[in-house]
Amino acid sequence: MGTPFDETAIDNALADLIAGEEAWAATSLRRRRELLDEIHARTARFAEDWVRAACVVKDLAPDSPLVGEEWMSGPLTLLQATAALSATLAALEAGRTPLTGITLREAPGGRVAVPVFPLGVYDRLLLNGFHGEVWLRPGVDAGAARRRAGLGQLDPTATGGIGAVLGAGNITSIPPLDALYELYAHNRVVALKLNPITDPLFTVFEMVFEPLLELGVLRILTGGAPQGGYLVGHPDVAHVHMTGSAQTHDAIVWGPGAEGAERKKDNRPLLDKPITSELGGVSPTIVVPGDWSDADLRYQAEHVATQRLHNGGYNCVAAQAVVIGAEWDRKDRFLAELRLAMERAPQRTAYYPGSDARVADAVASYPEAERLGGQRVLVDGLPPTGTPLLRTEYFSPVLGVVELPYAGGEFLQRAVDFANAELTGTLGANVIAHPTTIRRLGVAFDRAIERLRYGAIAVNTWTGLAFLAPRAAWGAFPGHTIDDVQSGIGVVHNALLLDDVERTVVRGPFRPAPRSLLGGELALSPKPPWFVGNATAATTGRRLTEFYADANPARLPGVFLSALRG
């Protein structure tokens, strides 16, 4: 990108946005919807440029199946988000709630659950066997949910000033999605500063968001920590949103080093404005003992390896702690399959800064750790308390295993207690359980899901699906504060613009098709294209992107053919 924006350039960008706020307040719902449609079309037009730039960032060969990750977590995700937000705006424009036509149900604990997928015939085809819903906070009834859906678009003239967004450096759709959420959920114009890692995408983002740049409601900036610090501290900025680590959050709010620690101790924040955040943590995968076949063990081992190794392990919601039953008769075989899955996953460059040092820290803490190729580390036999892996987000391909000495329903309840009490962060938790076990546990299983204090919970799928689903809400479990931020404050994505969100719960099939049908699950989904061992992920990701660009049903056979070959 060349020279980062200096302070004068940032001042000028914010001056543009002050004028742009007036333009945004005067922009009708119809025009706001049309802007989303234009961004959708431009995302499709520049999708290949986007993926090419992402491959430069992550040092991926053009013919690698891992390029599929960049299609699916890049332009495909933004295409789905703009289409879903456009539908929400269309409903509001017509005087309807965005929840028109959606049947709400009661979730455990008297909560309201809002289905977010599958919605529509194409969802049911492409996500067959998967479904997801957003649970609202206790005490919110269905009527309130419908009335409040729409957030900042319920009164478009009531704008909220300038929001500064500090973009993530790992998943390339995060900065665009966060910018759109500021504009549409909070009705704030946006100064988006990219993480230096993603600077190669600057031109692509400018081309995609040209309509918002022309209107003056978005400015895209580059630079490092000095530019970010100047931006968030600027008097013209009303609100800050960031994606990153709790350490970065605290440096912004309290200041760096010893001085920042002293400010935090005395409750004297350096930042004089509200901040929301999506941060990481130590995400668990709870493996519930059951009567698993050898094929089940292999598939679910690759599933867990994917939860850790997708995007090289540089995901805020990457699984870091596998929780397993010490007495499970299939435990040793499962762990053997997990080792093989981690070894066989495609090798890749450790592109994210500091990865080598974080892996070295993990190995220093656990000299007995197994090295499984490249930077991949597996630590078995962790104590269930007081050990660094449970409290430190390594943000690298480091995976630990904790064995709990319980069986049956008691194991699941104890595993939930362990995850809630011993692990840092509340962004996402995964639970893998045989369908027969789920049926046998009945209401006890539902109660365990309710008791997990995480912003995204995945049953027999990965919480990454909640990130990819545009109408799902994404963020930490509510209740964190700036002095104990954990996995962050607030939510993003949330294309239905729901208020009072507590969590997103997604579910998938325990087995891929056709074994799912043989096992009694009505699911036609093959191995998901986001699995790290999916051989056709790049082709499937591209074809899915092309389909979501124009919703041409003639493209579906090509999508299904590639997916089945994965």
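Computed from a predicted structure; not experimentally measured. (Residues numbered from 1 in each chain as written. Predicted model: local features only at pLDDT ≥ 70, side-chain atom pairs only at ≥ 80, totals over all residues. Heavy atoms only, no water.)

Novice: Would you mind going over helix α8 (residues 174–184) with me for this structure?
Specialist: Side chains three or four residues apart in an α-helix point the same way, a direct result of the helix having 3.6 residues per turn. Summarising burial for α8: eleven of the eleven residues are buried, a large majority. Of all the residues in α8, the buried ones are Ile174, Pro175, Pro176, Leu177, Asp178, Ala179, Leu180, Tyr181, Glu182, Leu183 and Tyr184. (Buried < 20%, exposed > 50% of the residue type's maximum accessible area, 1.4 Å probe, protein only. Helix = DSSP H or I, 4+ residues; strand = E, 2+ residues; numbered from the N terminus.)

Novice: How should a nonpolar patch on the surface be read in this particular structure?
Specialist: Taken together, the side chains of Val121, Leu125, Phe560 and Leu564 define a hydrophobic patch exposed on the protein surface, amounting to about 380 Å² of accessible area. Examined against the element boundaries, Phe560 turns out to sit in helix α23 (residues 556–564). A relative accessible area of 31% places Phe560 in the partly exposed class. (Patch = residues over 30% accessible without salt bridge, like charges linked within 9 Å, V, L, I, M, F, W, Y side chains within 5 Å. Areas by Shrake-Rupley, 256 points an atom, 1.4 Å probe, with all protein chains shown as cover. Salt bridge = Lys/Arg side-chain N within 4 Å of Asp/Glu carboxyl O.)

Novice: What is the right way to read empty space enclosed by the protein from this model?
Specialist: One water molecule sets the probe size; rolling that probe over the atoms shows where empty space is left. One pass over the full model with this rule turns up five cavities of 30 Å³ or more. When its volume is computed, the largest cavity comes out at roughly 200 Å³. In terms of lining residues, the largest cavity is bounded by 17 residues, among which Ile171, His310, Asn315, Trp462 and Phe467 are the most central. The set of elements that each furnish at least two residues to the lining of the largest cavity consists of α4 (67–72) and α20 (464–468). A total of three residues in the lining of the largest cavity trace back to one element, the largest contributor, which is α20. Split by residue class, the lining of the largest cavity holds ten nonpolar, five polar and two charged. (1 Å grid on protein atoms, 1.4 Å probe; cavity = no way out; pocket = protein on both sides within 12 Å on 5 of 7 lines; lining within 4 Å. Points joined across faces, edges and corners; volume = space filled by probe spheres on them. Nonpolar A, V, L, I, M, F, W, Y, C, P; charged D, E, K, R; others polar.)

Novice: What should I look at first to understand the sheet that holds strand β15 (residues 456–459) in this one?
Specialist: Sheets are built from strands paired through backbone hydrogen bonds, the pairs being either parallel or antiparallel. Spatial ordering of the open sheet is given by β1-β2-β3-β19-β15-β14-β9-β10-β13-β12-β11, a layout of eleven strands whose pairing is mixed. If you trace the sheet from one side to the other, it starts and ends with β1 (105–107) and β11 (370–371), each paired once. Running over the sheet, helix α14 (residues 294–309) touches β9 (283–287), β10 (319–325), β13 (398–404) and β14 (428–432) and is turned about 175° from β14. Contacting β9, β10, β11, β12 (377–382) and β13, helix α15 (residues 331–344) runs over the sheet at an angle of about 160° to β12. (Pairing = 2+ DSSP bridges. Contact = heavy atoms within 4.5 Å. Axes fitted to C-alpha atoms, helices over the stretch in contact; angles between N-to-C directions.)

Novice: What's the story with the pairing of β9 in this structure? I'm lost.
Specialist: Every regular strand shows the same layout, with side chains that alternate between the two sheet faces. Within β9, five of the five residues are buried, which leaves the element mostly enclosed by the surrounding structure. Side-chain alternation along β9 places Ser283, Thr285 and Val287 on one buried face and Pro284 and Ile286 on a second face that is also buried. Note that β9 and β10 share five bridges and pair parallel. Residue pairing for β10: Ser283 is matched across the bridge by Ala319. Running through α14, the crossover from β9 to the neighbouring parallel element β10 is right-handed. Pairing between β9 and β14: three bridges, direction parallel. Opposite Ile286, over in β14, you have Val431 as the bridge partner. (Right-handed = clockwise from strand over helix to strand, strands pointing away.)

Novice: What exactly am I supposed to notice about the sheet that holds strand β5 (residues 189–193) here?
Specialist: One open sheet holds the six strands; their spatial order is β6-β5-β4-β7-β8-β17, and the pairing between them is mixed. Every other strand in the sheet has two partners, leaving β6 (218–221) and β17 (488–489) as the edge strands with one partner each. Where β5 lies against β6, four bridges are found, and the strand directions are parallel. Bridge pairing links Ala191 to Arg219 in β6. Along the sheet face, α8 touches β4 (162–166), β5, β6 and β7 (237–244) and points at about 160° away from the line of β5.

Novice: Any chance you could explain the domain arrangement of the chain here in plain terms?
Specialist: You can read the domains of the chain as domain 1 (7–98 + 156–244) and domain 2 (284–457 + 509–527). Between the C-alpha centres of domain 1 and domain 2 there is a distance of 33 Å. At the junction of the two partners, domain 1 supplies 13 residues and domain 2 supplies 13 residues. Around 1100 Å² of area is buried between domain 1 and domain 2 when both sides are counted, 59% of it from carbon and sulfur atoms. Counting the contacts that link domain 1 with domain 2 gives one salt bridge. In this structure, Glu69 and Arg348 form a salt bridge, with 3.0 Å as the shortest nitrogen-oxygen distance. (Domains from an automatic or database assignment. Buried area = accessible area lost by both parts, 1.4 Å probe.)

Novice: Help me out: how do you make sense of the UniProt feature "domain: Aldehyde dehydrogenase" (unreviewed entry) in the chain in this one?
Specialist: Per the UniProt annotation, the sites labelled "domain: Aldehyde dehydrogenase" (unreviewed entry) are residues 204–404. Between the end C-alpha atoms of residues 204–404 the distance is 48 Å, and the span holds 40% helix and 22% strand. (UniProt positions renumbered as here; feature names shortened; annotations may be inferred.)

Novice: Looking at this model, I keep getting lost on the side chain of Thr426. Mind explaining?
Specialist: Note that Thr426 resides in the loop between α17 (408–422) and β14. From its side chain, Thr426 meets the backbone nitrogen of Phe477 in a polar contact 3.2 Å long. Within polar-contact distance, the side chain of Thr426 engages the side chain of His480 at 2.8 Å. Residue contacts for Thr426: discarding those within four places in its chain leaves Arg453, Tyr454, Gly455, Ala476, Phe477, His480 and Ser487. (Polar contact = N/O pair within 3.5 Å; in protein donor to acceptor, adjacent residues only side chain to side chain.)

Novice: What am I meant to see in the environment of Pro200 here?
Specialist: Looking at where Pro200 falls in the secondary structure, it is placed in the loop between β5 and α9 (202–208). By relative accessible area, Pro200 is classed as partly exposed at 41%. A C-alpha to C-alpha distance of 30 Å links Pro200 and Pro274, two positions 74 residues apart in sequence. Filtering out sequence-adjacent residues up to four positions away, Pro200 remains in contact with Ala53 and Val57.

Novice: What's the story with the pattern of salt bridges in this structure? I'm lost.
Specialist: One side chain can pair with another of opposite charge once the charged atoms of both are near each other. As enumerated under the stated definition, the model contains 37 salt bridges in all. With a shortest N-O distance of 3.8 Å, Glu48 and Arg52 are connected by a salt bridge. Placement of both Glu48 and Arg52 in helix α3 (residues 47–58) is noted, with a separation of four residues, approximately one turn of the helix. For Glu546, the salt bridge goes to Arg555, with nearest N and O atoms at 3.9 Å.

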